[in-house]
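The chain contents come next:
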Amino acid sequence: LLWYHKVRKSRTTLNLPKFLSLGTKFDSITFQDEMYNGQGTAAIFQRRQLQILEKLNELLINMEELKEEIRVLKETIPKLEEYIQGELGGRITVHKISPQHRARKRRLATVQSSGTSNSSEEAESEGGYITANTDTEEQSFPVTKAFNTHIEELNLDVLLQKADNLRMNECSKLESFELLCDHKEKFRDEIEFIWRLARAYGDMYELSTNAQEKKHYANVGKTLGERAITRAPTNGHCHLWYAVLCGYVSEFEGLQNKINYGHRFKEHLDKAIQFLPEEPFLYYLKGRYCYTVSKLSWIEKKMAATLFGKIPSSTVEEALQNFLKVEELHPGFSKSNYLFLAKCYIDLEQTDNAVKFCNLAVLLPCVTKEDTDAQREVKKITSSLKR
């Protein structure tokens, strides 16, 4: 920059070297102090800058995917010999069936006999995605029993209580989801029912092991969440689960939509906290958001600023305060909350506190997949701190 101003100040453009073009041919880029020479030049500069940032983002994503593929290969290769021996020995390989598959066949019959649908998203949720499987695949899934044989006898309060109780057990979340789906036609206009159904789609997203199914559940749940916040803008639970499902949907979006959903997540999370100030889960989510933003690289912040004119900002200290608020409202809330408390203290170079929360995390039982993942990470951190 100094060379430019002192030696070549009279020139108005600078040619980009080929290695900076990232596959896109740019003839020149106008510097910011010369962007006022003509109307629209600033917009052109911004577009070109965004193209470069998006190319860099694609490169980062590809590198992450490559690292994941290498990790999977490292885990798979040692087991290859055992697998081949099993095949040669005549063993039958049993394919793992994700929990959401077990409900499809029964729901398919219900949907095909129904003459109406709530919306294009709901039609997809109940029938559209099912047709993506072949007949052979559909028949390979066992048909679940009807969990509730007296659907018409349940009133709304009893139904909601039963669904909430089932959801408290990780193994019963599928049953809770099916129970709500069975009553969708009857209670489709009840706000307390709608946000719980959206939450149940979020549970199915978490239970699913297939990317297409995850995307399907996230999109349907988000649509239900949108309906809920439109009808009940002061209901904190509606904002909470809409925010969560926006986060799930963003995992399948491009750069611009991903950042857009990030803004929506934060907006509705803040509204949920406004209406539910004593809900610890909200502060846990906000802590996760603040911690993630505090770790954003310069290029990621620049992308957000280019698209929205605003750089997201937060600090590890802000994240820590939210995680501590969770512990204040609900001591021992989750293994993951202890994990992130330890991470924050490590970043703040408070090793004693980090060790303390790692030890507390180990004491909690592993109930969910998130707990199992957190336990694994806590052990790594503990080993690192000991060294």
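Before reading on, note that the structure itself is shown above.
Residues numbered from 1 in each chain as written. Predicted model: local features only at pLDDT ≥ 70, side-chain atom pairs only at ≥ 80, totals over all residues. Heavy atoms only, no water.

## Observations concerning the overall build of the protein chain
Definition in use: Secondary structure follows DSSP: runs of H or I at least 4 residues long count as helices, runs of E at least 2 residues long count as strands, and numbering of each begins at the N terminus. Here the term buried applies to any residue with accessible area under 20% of the maximum for its type, exposed to any over 50%, and partly exposed to those in between, with areas from a 1.4 Å probe on protein chains only. Between two residues, a contact is recorded if the distance between any of their heavy atoms is within 4.5 Å. Note on areas: Shrake-Rupley, 1.4 Å probe, and residue coverage restricted to the protein chains presented here.
Each helix and strand in the protein chain was counted, giving 18 helices and two strands. Across the 387 residues that make up the protein chain, the buried fraction comes to 40%. Put simply, 64% of the contacts in the protein chain that link residues at least 6 apart link residues at least 24 apart. Entry remark: accessible area of the protein chain is about 23100 Å², with carbon and sulfur atoms responsible for 54%.

## Some words on the packing of aromatic side chains
Note the threshold: Any pair of Phe, Tyr and Trp rings, taking the six-membered ring for Trp, is counted once the centres come within 6.5 Å. Such a pair is stacked with planes under 30 degrees apart, edge-to-face with planes over 60 apart, and tilted for the rest. Placement of a charge over a ring requires the Lys NZ or Arg CZ to be within 6 Å of the ring centre, with the centre-to-atom vector within 35 degrees of the ring normal.
The final tally for this structure, using the stated rule, is 15 aromatic pairs. On the numbers, 6.1 Å between centres and 45 degrees between planes, the contact of Y201 with Y217 is tilted. You can see Y201 sitting in helix 9 (residues 191-207) and its partner Y217 sitting in helix 10 (residues 211-231), a full 16 residues away along the chain. Judged by its relative accessible area of 2%, Y201 is buried. A centroid spacing of 6.2 Å and a plane angle of 55 degrees characterise the contact between Y284 and F323, whose relative ring orientation is tilted. With Y284 in helix 13 (residues 280-294) and F323 in helix 15 (residues 316-329), this residue pair connects regions lying 39 residues apart in the sequence. Each member of the pair, Y284 as well as F323, carries the same accessibility label: buried. Of the aromatic side chains, those joined through ring pairs into one cluster are W241, F281, Y284, Y291, F323, F333 and F340. For the cation-ring pair, K214 lies above Y205, with the distance from its terminal atom to the ring centre recorded as 4.3 Å. Lying over the aromatic face of F340, K343 brings its terminal NZ or CZ to 4.7 Å of the ring centre.

## Some words on the pattern of salt bridges
Short version of the rule: What counts as a salt bridge is simple: a side-chain nitrogen of Lys or Arg found within 4 Å of a carboxyl oxygen of Asp or Glu.
Here the structure, examined in full by the defined rule, presents 19 salt bridges. R167 is the partner of D203 in a salt bridge, and the nearest nitrogen-oxygen pair spans 2.7 Å. Linking D203 in helix 9 with R167 in helix 6 (residues 156-167), this pair joins segments that are 36 residues apart in sequence. For D203, a relative accessible area of 6% corresponds to the buried category. Across the salt bridge formed by E226 and K222, the nearest N and O atoms sit 2.9 Å from each other. On the criterion of helical spacing, the pair formed by E226 and K222 is a turn pair, its members being four residues apart in helix 10. For E226, a relative accessible area of 28% gives the class partly exposed. Given a relative accessible area of 10%, K222 falls into the buried group. One continuous salt-bridge network, built from bridges that share partners, spans D164, E192, R196 and R199.

## Examining the packing of helix 9 against helix 11 (residues 236-250)
Short version of the rule: Axis definition: a line fitted to C-alpha atoms, limited for helices to the stretch in contact. Angles are taken between N-to-C directions and run from 0 to 180 degrees. Oblique is the label for any angle not under 35 degrees, not over 145, and not in the 65 to 115 range, which are roughly parallel, roughly antiparallel and roughly perpendicular in turn. Here is the rule for handedness: rotate from the far helix to the near one, and if that takes an anticlockwise turn smaller than a right angle the crossing is left-handed, while a clockwise turn gives right-handed. Gly is placed with the polar residues, together with every amino acid not listed as nonpolar (Ala, Val, Leu, Ile, Met, Phe, Trp, Tyr, Cys and Pro) or charged (Asp, Glu, Lys and Arg).
Helix 11 packs onto helix 9 with a crossing angle of 25 degrees between their chain directions and a minimal axis gap of 10 Å. With respect to helix 11, the axis of helix 9 lies roughly parallel. Like other packed secondary-structure pairs, helix 9 and helix 11 cross with a definite hand, here left-handed. On helix 11, the residues touching I191, W195, A198, R199, G202, Y205 and E206 of helix 9 are H237, C238, W241, L245 and Y248. For the contact of helix 9 with helix 11, the class distribution of residues is eight nonpolar, two polar and two charged.

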